[in-house]
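# Structural overview
Each chain, letter by letter, is given below.
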Amino acid sequence: MARLAMFEGVPAPYDKVKRVVVPEALKAIRMRADRNFCVLGNLSQEFGWNYGPLVERLEAQRKIKEQAFYAEKKAKVALASKAAGAVDLSAVNKVLASNGF
């Protein structure tokens, strides 16, 4: 436990990067069925960490904000695709074709 370093949240340069799944790190793929494992939250709670309910509350707030952001993003994408479909580009396409594009 002395070498274990834990951080809450995502560090500054990586919080804006798209999150991906690393298959090599998945427990279901990497661990054999006969191996023991533990959940970090349960282990921390056994050693006296008392912030589990706080993290759950903050995570619930984050999920609500995420859903609102995603709904707004979907609306913007739908509006942009609708606007792109409504534009008449026949005059522009003639000019581009005359210039070899």
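Below, the structure is looked at part by part.

Here is what the cut-offs are and how they apply
- Residues numbered from 1 in each chain as written.
- Predicted model: local features only at pLDDT ≥ 70, side-chain atom pairs only at ≥ 80, totals over all residues.
- Heavy atoms only, no water.
- Helix = DSSP H or I, 4+ residues; strand = E, 2+ residues; numbered from the N terminus.
- Buried < 20%, exposed > 50% of the residue type's maximum accessible area, 1.4 Å probe, protein only.
- Areas by Shrake-Rupley, 256 points an atom, 1.4 Å probe, with all protein chains shown as cover.
- Lys, Arg positive; Asp, Glu negative; His and termini not counted.
- Charge placed at Lys NZ, Arg CZ, Asp CG, Glu CD.
- Phe/Tyr/Trp six-rings, centres within 6.5 Å; stacked < 30°, edge-to-face > 60°.
- Lys NZ or Arg CZ within 6 Å of the ring centre and 35° of its normal.
- 1 Å grid on protein atoms, 1.4 Å probe; cavity = no way out; pocket = protein on both sides within 12 Å on 5 of 7 lines; lining within 4 Å.
- Points joined across faces, edges and corners; volume = space filled by probe spheres on them.
- Nonpolar A, V, L, I, M, F, W, Y, C, P; charged D, E, K, R; others polar.
- Polar contact = N/O pair within 3.5 Å; in protein donor to acceptor, adjacent residues only side chain to side chain.
- Contact = heavy atoms within 4.5 Å.

### Describing the overall build of the chain
A tally of regular secondary structure across the chain gives four helices and zero strands. Ordered by position from N to C terminus, the α and β elements of the chain give α-α-α-α. If one aligns the C-alpha atoms of the chain with their principal axes, the spans along those axes are about 75 × 30 × 25 Å. Residues counted as buried form 1% of the 101 residues belonging to the chain. Counting every atom, the chain has about 10,000 Å² of accessible surface; 61% of that belongs to carbon and sulfur. The averaged location of the 10 negative side-chain charges in the chain is 4 Å from the averaged location of its 17 positive side-chain charges.

### Some words on the packing of aromatic side chains
A full pass over the atoms with the stated rule returns one aromatic pair. Lying across the ring of Phe37, Lys27 places its NZ or CZ 3.8 Å from the centre.

### With respect to the layout of surface pockets
Reported here for the largest pocket is a volume of approximately 830 Å³. What lines the largest pocket is a set of 17 residues, and nearest its centre among them are Glu8, Gly9, Val10, Val55 and Glu59. Counting residues per element, the ones that place at least two in the lining of the largest pocket are α2 (40–46) and α3 (52–86). When residues of the lining of the largest pocket are assigned to their parent elements, the largest contribution, six residues, is made by α3. Empty space within the second largest pocket amounts to approximately 180 Å³. Residues that form the lining of the second largest pocket fall into these classes: two nonpolar, no polar and two charged.

### Thoughts on the side chain of Ser44
The topology assignment puts Ser44 in helix α2. Engagement of the side chain of Ser44 in a polar contact is seen with the backbone oxygen of Leu40, the distance being 2.9 Å. Setting aside anything within four residues of it in sequence, one finds Ser44 in contact with Met6 and Trp49.

### Here's the deal with the environment of Gly48
Position of Gly48 relative to the elements: it lies in the loop between α2 and α3. Measuring from C-alpha to C-alpha, the distance between Gly48 and Leu89 comes to 66 Å, with 41 residues separating the pair along the chain.

### Quick word on the environment of Ala25
Relative to the assigned elements, Ala25 resides in the segment before α1 (27–30). Using a relative accessible area of 61% as the deciding quantity, one classes Ala25 as exposed. Taking the C-alpha atoms as reference points, Ala25 and Pro13, twelve residues apart in sequence, are found 22 Å from one another.

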